[in-house]
Amino acid sequence: MIRDDILRQQLENARQKLYVLQAKHGFNHASVLKQSVIMDNLINQYNHLYYIKEKKPTA
């Protein structure tokens, strides 16, 4: 499983790339939409990782 800090860095990199693509091409360009999907997947992974940590029993 991917580590929390690595996933956060990937999210930040994806966010920056999305911002640059949107500034260059606008919101409806294919590359912006593709990057948005990548970002959504990373957010889902992060939320899943966070959920697992929250639900993990502490002994």
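Everything numeric here is computed off the predicted structure, so don't read it as measured data.

1. Remarks on the overall build of the chain
Okay, so step 1: Regarding its fold elements, the chain presents two helices and zero strands.
Okay, so step 2: The C-alpha atoms of the chain give 14 Å as radius of gyration, which overshoots the globular expectation for 59 residues (10 Å, by more than 25%).
Okay, so step 3: Along the first, second and third principal axes, the C-alpha atoms of the chain reach 50 × 15 × 15 Å.
Okay, so step 4: Put simply, the chain has 59 residues, and 17% of those count as buried.
Okay, so step 5: Pairs at least 24 residues apart make up 58% of the contacts formed inside the chain by residues separated by at least 6 positions.
Okay, so step 6: Surface exposure of the chain reaches about 4,900 Å², of which carbon and sulfur atoms provide 57%.
Okay, so step 7: For the chain, the separation between the mean place of its 9 positive charges and that of its 5 negative charges on side chains is 5 Å.

2. Focus on the packing of helix α1 (residues 4-25) against helix α2 (residues 30-55)
For any two helices packed against each other, the geometry comes down to the angle between their axes and how far apart the axes lie.
Okay, so step 1: Between α1 and α2, whose axes approach to 9 Å, the crossing angle comes to 160°. Relative to α2, α1 is oriented roughly antiparallel. For the element pair α1 and α2, the recorded crossing hand is left-handed. Within the contact between the two elements, α1 uses Asp4, Leu7, Arg8, Gln10, Leu11, Ala14, Arg15, Lys17, Leu18, Leu21, Gln22 and His25 and α2 uses Ser31, Val32, Gln35, Ser36, Met39, Leu42, Ile43, Gln45, Tyr46, Leu49 and Lys53.
Okay, so step 2: Across the contact of α1 with α2, the residue classes break down as 11 nonpolar, seven polar and five charged.

3. Looking at the nonpolar core
Okay, so step 1: Within the largest apolar cluster, six residues are counted, these being Leu7, Leu11, Ala14, Met39, Leu42 and Leu49.
Okay, so step 2: Among the elements of the structure, α1 and α2 are those that each provide at least two residues to this core.
Okay, so step 3: Contacts of methionine 39, omitting those with residues within four sequence positions, involve Leu11, Ala14, Arg15 and Leu18.

4. Observations regarding α1
Okay, so step 1: Helix length check: α1 (22 residues) gives 31 Å between terminal C-alpha atoms against 32 Å at 1.5 Å per residue, within 8%.
Okay, so step 2: Along α1, the positions that sit buried rather than exposed are Asp4, Leu7, Leu11, Ala14 and Leu21. Buried residues along α1 cover an arc of 110° about the axis, so they all sit on one side. Opposite the buried face of α1, at more than 90 degrees from it, the exposed residues are Tyr19, Val20, Ala23 and Lys24.
Okay, so step 3: Where α1 is buried, its residues contact α2.
Okay, so step 4: Two residues or fewer after α1 comes glycine 26, characterised by a positive phi angle close to 95°.

Conventions and cut-offs
- Residues numbered from 1 in each chain as written.
- Predicted model: local features only at pLDDT ≥ 70, side-chain atom pairs only at ≥ 80, totals over all residues.
- Heavy atoms only, no water.
- Helix = DSSP H or I, 4+ residues; strand = E, 2+ residues; numbered from the N terminus.
- Rg over C-alpha atoms; globule rule 2.2 N^0.38 Å.
- Buried < 20%, exposed > 50% of the residue type's maximum accessible area, 1.4 Å probe, protein only.
- Contact = heavy atoms within 4.5 Å.
- Areas by Shrake-Rupley, 256 points an atom, 1.4 Å probe, with all protein chains shown as cover.
- Lys, Arg positive; Asp, Glu negative; His and termini not counted.
- Charge placed at Lys NZ, Arg CZ, Asp CG, Glu CD.
- Axes fitted to C-alpha atoms, helices over the stretch in contact; angles between N-to-C directions.
- Parallel < 35°, antiparallel > 145°, perpendicular 65-115°, else oblique.
- Left-handed = near helix turned anticlockwise from the far one by under 90°.
- Nonpolar A, V, L, I, M, F, W, Y, C, P; charged D, E, K, R; others polar.
- Core = buried A, V, L, I, M, F, W, Y, C linked by side-chain atoms within 4.5 Å.
- Expected span 1.5 Å × (residues − 1).
- Arc of directions from axis to C-beta.

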